[in-house]
Amino acid sequence: MITIAKDNVTIPRTTWDRLRKDDYFNELIENLIDSEELADAIENTHELIDLREYDRKRRASKIHDTGK
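All of the points below concern the structure found in this document.

Calculation criteria
- Residues numbered from 1 in each chain as written.
- Predicted model: local features only at pLDDT ≥ 70, side-chain atom pairs only at ≥ 80, totals over all residues.
- Heavy atoms only, no water.
- Patch = residues over 30% accessible without salt bridge, like charges linked within 9 Å, V, L, I, M, F, W, Y side chains within 5 Å.
- Areas by Shrake-Rupley, 256 points an atom, 1.4 Å probe, with all protein chains shown as cover.
- Salt bridge = Lys/Arg side-chain N within 4 Å of Asp/Glu carboxyl O.
- Lys, Arg positive; Asp, Glu negative; His and termini not counted.
- Charge placed at Lys NZ, Arg CZ, Asp CG, Glu CD.
- Helix = DSSP H or I, 4+ residues; strand = E, 2+ residues; numbered from the N terminus.
- Buried < 20%, exposed > 50% of the residue type's maximum accessible area, 1.4 Å probe, protein only.
- Contact = heavy atoms within 4.5 Å.
- Axes fitted to C-alpha atoms, helices over the stretch in contact; angles between N-to-C directions.
- Parallel < 35°, antiparallel > 145°, perpendicular 65-115°, else oblique.

## Brief notes about a negative patch on the surface
Together, Asp22, Asp23, Glu27, Asp34, Glu36, Glu37, Asp40 and Glu43 make up a region of like negative charge exposed at the surface. With respect to the helices, strands and loops of the structure, Asp34 is situated in helix H2 (residues 23-44). Judged by relative accessible area, Asp34 falls into the partly exposed class, the value being 41%.

Spelled out as structure tokens, the structure:
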């Protein structure tokens, strides 16, 4: 039985295992896990870098590493 409380939803292990075997539900579970990891990473990040700046640094590093 799935239980829903104020702060948590509890899914029995047998239900979890059954859903993980189904491609559709497995994809949904993976998306839920990824979204939680992303939310946690955003919450715990103290320094953000602009995407353009990151790409510029990455390209410069690649050029430097290959000697071009």
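## Examining the environment of Leu19
Looking at where Leu19 falls in the secondary structure, it is placed in helix H1 (residues 13-21). Once the C-alpha coordinates of Leu19 and Ile2 are considered, the two residues, 17 residues apart in sequence, prove to be 13 Å apart. Those residues in contact with Leu19 that sit more than four places away from it in its chain are Phe25, Asn26 and Ile29.

## Describing the pattern of salt bridges
Evaluation of the coordinates by the stated rule reveals 5 salt bridges. A salt bridge links Arg58 to Asp55; the nearest nitrogen and oxygen atoms lie 2.6 Å apart. Of the two residues, Arg58 and Asp55 both sit in helix H3 (residues 51-66), 3 residues apart, roughly one turn of that helix. On the basis of relative accessible area, Asp55 is assigned to the partly exposed category, the value being 23%. Its salt-bridge partner being Arg59, residue Asp55 comes within 2.8 Å of it at the nearest N-O pair. Here the residue Asp55 and the residue Arg59 both occupy positions in helix H3, the gap between them amounting to 4 residues, near one helical turn. When salt bridges with common partners are traced through the structure, they connect Asp55, Arg58 and Arg59 into a single cluster.

## Considering the packing of H1 against H2
How two helices sit against one another is set out by the angle between their axes and by the gap between those axes. For the pair H1 and H2, interaxial distance at closest approach is 5 Å and the crossing angle is 110°. Relative to H2, H1 is oriented roughly perpendicular. Counted together, Trp16, Leu19, Arg20 and Lys21 of H1 and Asp23, Phe25, Asn26, Ile29, Glu30 and Ile33 of H2 form the full contact between these two elements.

Functional significance is not addressed by these values, which are geometric in nature.
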